[in-house]
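# What the coordinates show
The lines below spell out each chain.
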Amino acid sequence: MELIGLANYAVYMAIFIGIYAILALGLNIQWGFTGLFNAGIAGFFAVGAYASSVFTSPAADGRLGGYDLPIVVGWIGAMVCAALIAWPIGKVCLRFRSDYLAIATIGVAEIIRLVVKSEGWMTGGARGINNVPRPFGELPYFQSQLAYLALIIAVVGLVYFLVERQIKAPWGRMMRAIRDNEAAAAAMGKDIEQRRLEAFVFGAALMGLGGALFAHFNRSITPEAIDPMVATFLIWIMLILGGSGNNRGAILGVAVVWIIWSMSELVTDQLPQEYAIKAKYMRIFIIGLMLQLVLRFRPEGILPEPDYSNHEKKKKVPDANKASDASAAE
Amino acid sequence: MTFMDLINFYFVPGVVLGSIYALGAVGITLVFGILRFAHLAHGDLATFGAFAALAFVTALGVSVWVALPLAMVAAGAVAIGLDRYFYDYLRERPKILTVMASLGIALMLRAIVQVFWGVDTETYTRGIVRPESYWGLRIRDRELYTFVAMFAIVGVLWVFLQNTKWGKAMRAMSDNPDLALLSGVDNRKVTMLTWAIVGMLCAAAGFFLGLNTELKALMGWTMLLPMFAAAILGGVGRVEGAVIGGLIIGVVEEMSVLVIPSEYKAALAFAILLLILLVRPTGLLKGKVL
């Protein structure tokens, strides 16, 4: 009995790690590889969650819906909607230093929260959207959880594969060049604004996908489901701690931070009522402090960014040494 | 609705709100101009200042007008401490990392307020204050004080920046930090001085917001976007620009209720911010663009 509960909890945790991994990979494209500061992750997440829910859920009174589209269409719709919101913001803000993007994305997240709350005809207002279909939802509880986990792992794997490919491609090389020396990249004739816009929109689309996966897992989405600041900040600390610029690091960071975050919740829930509320805020204080400590003592994260550029040189250098050693020996 | 109603119910509250934004925006423009990064913890530092004033009022039983300077000193000290322990060591690294650190600080400051003061809304004084009528113009005392205090505080700051040695050093560092360093300006001391001033301005902004509405943990965070919009609208690095920007944003926000649903009042600052970045990124009075 105990064992089944534990297994249930582990699967539940793993599903969340998968969802957050997709968000962290999206942020890694924006921050890790391009150096764009997105402080509105929760906004794009919410857009994805609501878009997919509206597209796939059965009809309900008083709000948009009843399209009953296949879930895959919902997910693609979520990505497209998040990208469509990111595009104009990037278009205006990416000409300047990333500080402006940070402020603008805070604003976007705030406005999306307002729209979700007050446009009941679209989002169901405070009640949110219920009866969102869940893939494999008709199976018994544990099997259904496992099947959803498998689906998430497949999606994360696919996203990881695609991002990794893109980063090793000339596009990724160009992004790093722009991030590390903008003037030099511009002198080489790279269209910096356009490249940054691509990275920003692509990352936002992944965040939308993460939102969709979350909504379908929960079978519903309400305005209370996400605390914008805490959600955004958790993704940031996951990426920075894991290692920005490294996709495996991002996923590792998600696992580490999410396990610590959830475990600490289990601990604080045991406390008496009056301390439990304070402890909740202390946890937030501690993740804020954690970010400061990581930035100070290990800014490259647990797994630092791999040195993509020396990949081929490293292979050749030992050979050259050997040749020179051989000639010296002669 | 008569013209006087328009003034009394929309314009006057707009000017009061604008004065509060102006106090915050001046601080933002100083950090943006002198230290060259967007300080995202600005709103939450204002929240801290407001609650510090509340602590002085409840613990010492002093009047709010004694609590204000005490809270300003406290917030100034906190701001210097934040720089000393969290921002300063990131000086040589890309500035965007300091922006990130400040987002973390925002969360930490808010958590501190929530732990110590809880999540209930608070007020400095109880009871309803009726507005006084000045030839048909209906203004509450506290609204008048807010407006006057804003001009007094910014006026003192202005004189300080224009006429004193340290004020000139701050302006020199804003124009060109390397040249200032070569001319013998101690960048470290100017940075500390800037933080002290910024902390005090934050506390004043938070205090007046608390005086005119109520105190809650999220009060500063919701002010962040309008304050940034005001600083950028006025021109980054321009103190007088921040005041003009703050007043414009405040009045536009309050007036907007006449044409758009009131839920979206908060979205207006964002719209103004995007618009100004699109058409005139240097702001109304030519400021910096980072």
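Residues numbered from 1 in each chain as written. Chains lettered and ligands numbered in written order. Predicted model: local features only at pLDDT ≥ 70, side-chain atom pairs only at ≥ 80, totals over all residues.

## Quick notes on the confidence of the model for chain A
As a note on interpretation, predicted positions should not be read in detail where pLDDT is low. Residues and elements named next belong to chain A. Averaged over all residues, the pLDDT of chain A equals 85, while 92% of them reach at least 70. Across chain A, the secondary-structure element scoring lowest on mean pLDDT is helix H13 (residues 311-329), at 47, and the one scoring highest is helix H9 (residues 192-218), at 93. In the model, residues 316-330 has pLDDT below 50 throughout and makes zero contacts with residues more than four positions away in sequence or in other chains. (pLDDT = per-residue confidence, 0-100. Helix = DSSP H or I, 4+ residues; strand = E, 2+ residues; numbered from the N terminus. Contact = placed C-beta atoms within 7 Å.)

## Details of helix H12 (residues 273-297) of chain A
The terminal C-alpha atoms of H12 of chain A lie 36 Å apart, and with 25 residues this matches the ideal 36 Å at 1.5 Å per residue to within 8%. The set of residues buried in H12 of chain A consists of Tyr281, Ile284, Ile287, Gly288, Leu291 and Gln292 of chain A. In the core, the buried residues of H12 of chain A are packed alongside helix H10 (228-242) of chain A together with helix H3 (64-87) and helix H4 (95-117) of chain B. (Expected span 1.5 Å × (residues − 1). Buried ≥ 20, exposed ≤ 12 C-beta atoms within 10 Å, placed from the backbone.)

## What about the nonpolar core?
Ala24, Ala82 and Ile235 of chain A together with Ala71, Ala75 and Ala204 of chain B are the most contacted members of the largest nonpolar core, which totals 202 residues. Apart from the residues within four sequence positions on either side, Ala75 of chain B is in contact with Leu45, Phe48, Gly49, Ala52, Gly199, Met200, Cys202 and Ala203 of chain B. (Core = buried A, V, L, I, M, F, W, Y, C linked by C-beta atoms within 7 Å.)

## So, the interface of chain A and chain B
Note on interface size: it is often stated as the accessible area lost on association of the parts. The interface of chain A with chain B comprises 32 residues on the first partner and 35 residues on the second. Of all the secondary-structure elements, those providing two or more residues to the side of chain A that touches chain B are helix H3 (71-93), helix H4 (98-118), H10 and H12 of chain A. Of all the elements, H4 of chain A adds the most residues to the side of chain A that touches chain B, at 12 residues. Here the residues of the side of chain A that touches chain B sort into 21 nonpolar, six polar and five charged. (Nonpolar A, V, L, I, M, F, W, Y, C, P; charged D, E, K, R; others polar.)

## Brief notes about the packing of H3 of chain A against H9 of chain A
Residue and element names in this part refer to chain A. Orientation of H3 relative to H9, taken along the N-to-C sense of each, is 140°, at an axis distance of 7 Å. As summarised for this structure, H3 and H9 are arranged oblique, according to the angle between their axes. Handedness of the crossing formed by H3 with H9: right-handed. Across from Ile71, Gly74, Trp75, Ala78, Met79, Cys81, Ala82, Ala83, Ala86, Trp87, Gly90 and Lys91 in H3, the residues of H9 making contact are Leu197, Phe200, Val201, Ala204, Ala205, Met207, Gly208, Leu209, Gly211, Ala212 and His216. Its residues assigned to classes, the contact of H3 with H9 comprises 17 nonpolar, five polar and one charged. (Axes fitted to C-alpha atoms, helices over the stretch in contact; angles between N-to-C directions. Parallel < 35°, antiparallel > 145°, perpendicular 65-115°, else oblique. Left-handed = near helix turned anticlockwise from the far one by under 90°.)

## A look at the UniProt feature "transmembrane region" (unreviewed entry) in chain B
Residues annotated by UniProt as "transmembrane region" (unreviewed entry) correspond here to residues 20-38, 45-64, 96-117, 144-161, 192-211, 217-236 and 266-285 of chain B. Here residues 266-285 of chain B is 65% helix and 0% strand, with 24 Å between the C-alpha atoms at its ends. (UniProt positions renumbered as here; feature names shortened; annotations may be inferred.)

## Some points on unusual backbone geometry
Here the phi dihedral of Arg219 of chain A falls at roughly 65°; this positive angle occurs in a residue that is not glycine. Locating Arg219 of chain A in the fold gives a position in the loop between H9 and H10. A positive phi angle, near 60°, is found at Arg36 of chain B, a position not held by glycine. Mapped onto the secondary structure, Arg36 of chain B falls in the loop between helix H1 (3-35) and helix H2 (42-60).

## Description of the environment of Leu64 of chain A
Residue and element names in this part refer to chain A. Mapped onto the elements, Leu64 comes out in the loop between helix H2 (41-56) and H3. Looking at Leu64, the number of C-beta atoms within 10 Å reads 18, which means it is partly exposed. Spatially, the C-alpha atoms of Leu64 and Tyr50 are 11 Å apart, while their sequence positions differ by 14 residues. Not counting residues up to four positions away in its chain, the partners in contact with Leu64 are Val54, Trp121 and Met122.

## Let's talk about the environment of Ala279 of chain A
Residues and elements named next belong to chain A. Secondary-structure assignment places Ala279 in helix H12. It is 9.5 Å that separates the C-alpha atoms of Ala279 and Val267, two residues lying 12 residues apart in sequence. Contacts of Ala279, omitting those with residues within four sequence positions, involve Thr268 and Leu271.

## Here we look at helix H11 (residues 247-269) of chain A
Counted at 1.5 Å a residue, the expected span for H11 of chain A with its 23 residues is 33 Å, and the 33 Å between its end C-alpha atoms agrees. For H11 of chain A, the secondary structure elements touched by its buried residues are helix H1 (2-32), helix H6 (141-168) and H10 of chain A.

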